[in-house]
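For reference, the chains in residue letters:
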Amino acid sequence: MAFYQHHNENPYYSRNIFIESVFIDEKNHVDFIEQFVKNVCNFSSQYGSSYSISYTAHNLIGSPRIFPNYGDFPQAFVMRTYGLWWDKAPSKSIDYMPQNNSNVVGQDYIDIEYYEAVYPIRVSIYETFNPGSVIRIWAQGSDQWFQLWSGPPQIVRPVSRIFSPPLKMCYTKIKMIRLEFNHSLLDYYTELDAVLLIGTSELVFPKDQTYKCLTDLLMSTIPICNEDIHNLTANCQFAHMDIDNLKNTLHEHCVIYKSNILENFQLSKLIPQLEQFYYYVPTLKEGYNSMQQFLLKEYSKFIEDIQFSSDESKKLPCGNFSVLPIEVIQRILKYLDLKSLCYMSRVNRYFNNLAQDPLLFTSLNLKPYWNIIDKRLFEFLTPRYKYLRKLDLSWSCRFSNIEIVKFINTCGSFLTHLRLRCSRNITDIVVLEISRTCKNLKELDLGGCSVSDRGLLYLANLQFLERLDLYRNYVTTFTLCEIVRSNPRLRYLLIANIQGEVDIGNVSEELRRHCPNLESVDFWKAHVFTSRYLIELSECKNLREVNFGWCGYTTGDGESFRYFLSSCQYLEKIFLPCFRGLTDRDLKALASCKYLKQLDLVGALSLTADTCHTFFMRCPELEMIDLSYCDNISDHFIEQWRQMYPRVAIKKTKH
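Remember, it's a predicted structure, so these values are computed and weren't measured experimentally. (Residues numbered from 1 in each chain as written. Predicted model: local features only at pLDDT ≥ 70, side-chain atom pairs only at ≥ 80, totals over all residues. Heavy atoms only, no water.)

A. Inspection of the environment of Arg647 at higher detail. Mapped onto the elements, Arg647 comes out in the loop between α21 (635–644) and β25 (649–651). Given a relative accessible area of 38%, Arg647 falls into the partly exposed group. In this structure the C-alpha to C-alpha distance between Arg647 and Leu622, which are 25 residues apart in sequence, comes to 7.9 Å. When neighbours within four sequence positions are excluded, Arg647 is seen to be in contact with Phe616, Cys619, Pro620, Leu622 and Glu623. A distance of 3.1 Å separates a polar side-chain atom of Arg647 from the backbone oxygen of Phe616. (Helix = DSSP H or I, 4+ residues; strand = E, 2+ residues; numbered from the N terminus. Buried < 20%, exposed > 50% of the residue type's maximum accessible area, 1.4 Å probe, protein only. Contact = heavy atoms within 4.5 Å. Polar contact = N/O pair within 3.5 Å; in protein donor to acceptor, adjacent residues only side chain to side chain.)

So this is what it looks like as structure tokens:
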């Protein structure tokens, strides 16, 4: 019958969105909407600069420009890390409460928006270099985030691919997606070209109830590639053919779900936010089994620290948790994650009292719960936080600046470590409250928060900062110098990709004068570099890590560079990608760094093979070197060195 065919009289099509109506009976039709990214709303990191279009997050907007080509292209979206190298650097970040993390930790994310809200049936990610780092896909609908898919990072063939994992059922329309990444298995930077969202205008179910959602139905019609088991479009030549076939047979296999009951259920205010939090808690049986395994493996270690007499230990009955000394119980509970503590508090009054002990909450990692943290969760947790020392609220997006100000005012007086990386609504007023309340703060991460220069100036009221990360914030020379002067204990200053006109020379001078314990500086893409910077930093004798990547052209005075290397003898990590103006003789001075472990020389045009060989000979602790786009270093030398020095990971890529 004609009404079962595609309704193609007036399909809407543009380069970035295609809408096709498919009739399911004489009166009802479903729009299948295929669309590429309209806007990038937020992201945790990018290799490129905000002043450039190369390697930036906004390259994900629109249809593919690179695919099916494979390789390093500046038109792609690239993040700043890969592998485990950043976890081995002196400035590595250590989780406060690692038991809260899932088996696979999210290291980066990007939030992308589309033109039309749809019920999603497929998300296709165009990976054009070193694929395999996508681990979770989230969708935002009705101001809530839902997980559409999760899986481990993958080691796959070095070819471009369209990655389309099987999605869970989503009962509400969405137009915002978050991709989450883990780069630990990557051999080099991953690159993404585009992200396609395919969905329907109506909620569609399979008629056959053995299939829970359209994804299950689609999976039954396509072979799964053994090399890419998480991917429904492993064969790029026939990508989305299963969806085209579904359109042709929609009336046979599917029905439209007209009721809005399910969507209203998602929006219902009858479900308290605390219950949402419990939703993410494992089952009681799972928690019980974990506790049993924990006691079997770890209890003996704890019991050695408690001085029982032999007679007392013989009298202790087996299996009665309440007879254990409170010190033992507290040490056991410190190893439980926040989910388990919440469930434990619902067992009985005794367990509830134990689970609310403020000493269990001196360190708290809330980053894994970024999608559910809001005002009510703050209210639930606040009574437990009076001794809070370390707090990670990175990536959180559902609380207002007023709510976080109230929380810091109530629970922040003892804070020594605070991470708010890429948290929305971190405004000047929040930083003001931090400067007033958190007087003992040693670490502060405001990376990606876009606080104004005026707000950052409040940080000059702090005096004990040892680590400060202002990645992608707008800041001026004056503000940075004021912060440095006020915090003489500063050891790690991370100001990569900052906005505004900053004279790094003045900042370096203040670091030399006031921060004798400085160990790490990250000036990645922080404007033009001159010899003065190096001369000033040469007096920071304890430097272990420097990142001068993409800082523009030097004055050509290699003498100051060589002096810097001879003065800072403890350097372990040196990143100099596209650090222009240095001769081969200047670069050879890097061999004097006997503790050198990581070296990035991307784009060092004057570097010769002889100088490279000197690094391998004189730097016995060298573990990684990046020689990409070094024109004088041939692939022949790379293969030869890889055989001669297997301890060193030698990176080399080109277009």
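B. Quick look at the confidence of the model for the chain. Confidence along the chain averages 87 in pLDDT terms, with 87% of residues attaining 70 or more. Across residues 263–288, confidence stays below pLDDT 50; counting only partners more than four residues off in sequence or on other chains, it has 36 contacts. In the model, residues 305–318 has pLDDT below 50 throughout and makes ten contacts with residues more than four positions away in sequence or in other chains. (pLDDT = per-residue confidence, 0-100.)

C. Highlighting the pairing of strand β7 (residues 134–141). β7 sits mainly inside the fold: seven of its eight residues count as buried. Pairing analysis gives six bridges linking β7 to strand β10 (residues 174–181), with the strands arranged antiparallel. Note that in β10 the partner of Val134 across the bridge is Phe181. With six bridges joining them, β7 and strand β8 (residues 144–150) adopt antiparallel strand pairing. Bridged to Ile137 within β8 is Trp149. The antiparallel hairpin formed by β7 and β8 contains two residues in its connecting segment, where Ser142 sits at a positive phi of about 55°. (Pairing = 2+ DSSP bridges.)

D. Looking closely at the sheet that holds strand β23 (residues 598–600). Ordered in space as β14-β15-β16-β17-β18-β19-β20-β21-β22-β23-β24-β25, the twelve strands form an open sheet in which the pairing is parallel. Strands with a single pairing partner mark the edges of an open sheet, and in this sheet they are β14 (363–365) and β25. Averaged over all pairs of adjacent strands, the angle between their axes in this sheet comes to 5°, without regard to strand direction. Here strand β17 (residues 443–445) pairs with strand β18 (residues 467–469) via three bridges, running parallel. Paired with Asp445 across the bridge in β18 is Asp469. (Axes fitted to C-alpha atoms, helices over the stretch in contact; angles between N-to-C directions.)

E. Summary view of the pairing of strand β12 (residues 203–206). Taking every second residue as pointing to the same face, both faces of β12 are buried, with Leu203 and Phe205 on one and Val204 and Pro206 on the other. Bridging between β12 and strand β13 (residues 254–257) involves four bridges; their strand directions are antiparallel. For Pro206, the partnering residue across the bridge sits in β13 and is Cys254.

F. Layout of a nonpolar patch on the surface. Together, Met219, Ile224 and Ile229 line one region of the surface with nonpolar side chains, adding up to about 240 Å² of accessible area. Position of Met219 relative to the elements: it lies in helix α1 (residues 214–219). Using a relative accessible area of 30% as the deciding quantity, one classes Met219 as partly exposed. (Patch = residues over 30% accessible without salt bridge, like charges linked within 9 Å, V, L, I, M, F, W, Y side chains within 5 Å. Areas by Shrake-Rupley, 256 points an atom, 1.4 Å probe, with all protein chains shown as cover. Salt bridge = Lys/Arg side-chain N within 4 Å of Asp/Glu carboxyl O.)

G. Representation of helix α15 (residues 477–486). Taken residue by residue, α15 has Thr477, Thr479, Leu480, Cys481, Ile483 and Val484 as its buried positions. Packing partners of the buried residues in α15 comprise α14 (453–457), β18, β19 (492–494) and α16 (504–514).

H. Structural view of empty space enclosed by the protein. Counted according to the given criterion, the structure contains four cavities of 30 Å³ or more. As a volume, the largest cavity reaches approximately 90 Å³. Residue lining of the largest cavity: 14 residues in total, with Pro120, Ile121, Met169, Val204 and Leu214 positioned closest to the centre. Broken down by secondary-structure element, the contributors of at least two residues to the lining of the largest cavity are β6 (108–129), β12 and α1. Element by element, the count of residues in the lining of the largest cavity is highest for β6, at three residues. When the residues that make up the lining of the largest cavity are grouped by side-chain class, the tally is ten nonpolar, two polar and two charged. Within this model, the second largest cavity holds a volume of roughly 40 Å³. In terms of lining residues, the second largest cavity is bounded by Leu338, Leu341, Cys342, Ser345, Ala355, Phe361, Phe380, Leu381 and Arg384. (1 Å grid on protein atoms, 1.4 Å probe; cavity = no way out; pocket = protein on both sides within 12 Å on 5 of 7 lines; lining within 4 Å. Points joined across faces, edges and corners; volume = space filled by probe spheres on them. Nonpolar A, V, L, I, M, F, W, Y, C, P; charged D, E, K, R; others polar.)

I. Spotlight on the nonpolar core. If you look at the biggest cluster of nonpolar residues, it comprises 114 residues, and the most contacted ones within it are Leu511, Phe523, Phe548 and Leu627. Apart from residues lying up to four places away in sequence, Phe523 is in contact with Ile495, Ile504, Ser508, Leu511, Phe529, Leu537, Asn547, Phe548, Gly549 and Cys551. Counting 31 residues, the second largest nonpolar core, distinct from the first, contains Val40, Ile110, Phe163 and Val195. (Core = buried A, V, L, I, M, F, W, Y, C linked by side-chain atoms within 4.5 Å.)

J. Quick peek at the packing of aromatic side chains. Applying the stated rule across the entire model yields 31 aromatic pairs. Plain terms: the ring middles of Tyr47 and Trp550 are 6.1 Å apart, the flat faces sit at 85° to each other, and that makes the pair edge-to-face. In this pair, Tyr47 is assigned in the loop between β4 (39–43) and β5 (77–78) and Trp550 in the loop between β21 (545–547) and α18 (558–567), connecting sequence segments 503 residues apart. Trp550 gets classed as partly exposed once you look at its relative accessible area, which sits at 30%. A centroid spacing of 6.4 Å and a plane angle of 80° characterise the contact between Phe129 and Tyr188, whose relative ring orientation is edge-to-face. With a gap of 59 residues between them, Phe129 in strand β6 and Tyr188 in the loop between β10 and β11 (191–200) connect regions that are remote in the sequence. What makes Phe129 buried here is its relative accessible area of 7%. One residue, Arg178, lies across the ring of Tyr109, its end atom 3.7 Å from the ring centre. (Phe/Tyr/Trp six-rings, centres within 6.5 Å; stacked < 30°, edge-to-face > 60°. Lys NZ or Arg CZ within 6 Å of the ring centre and 35° of its normal.)

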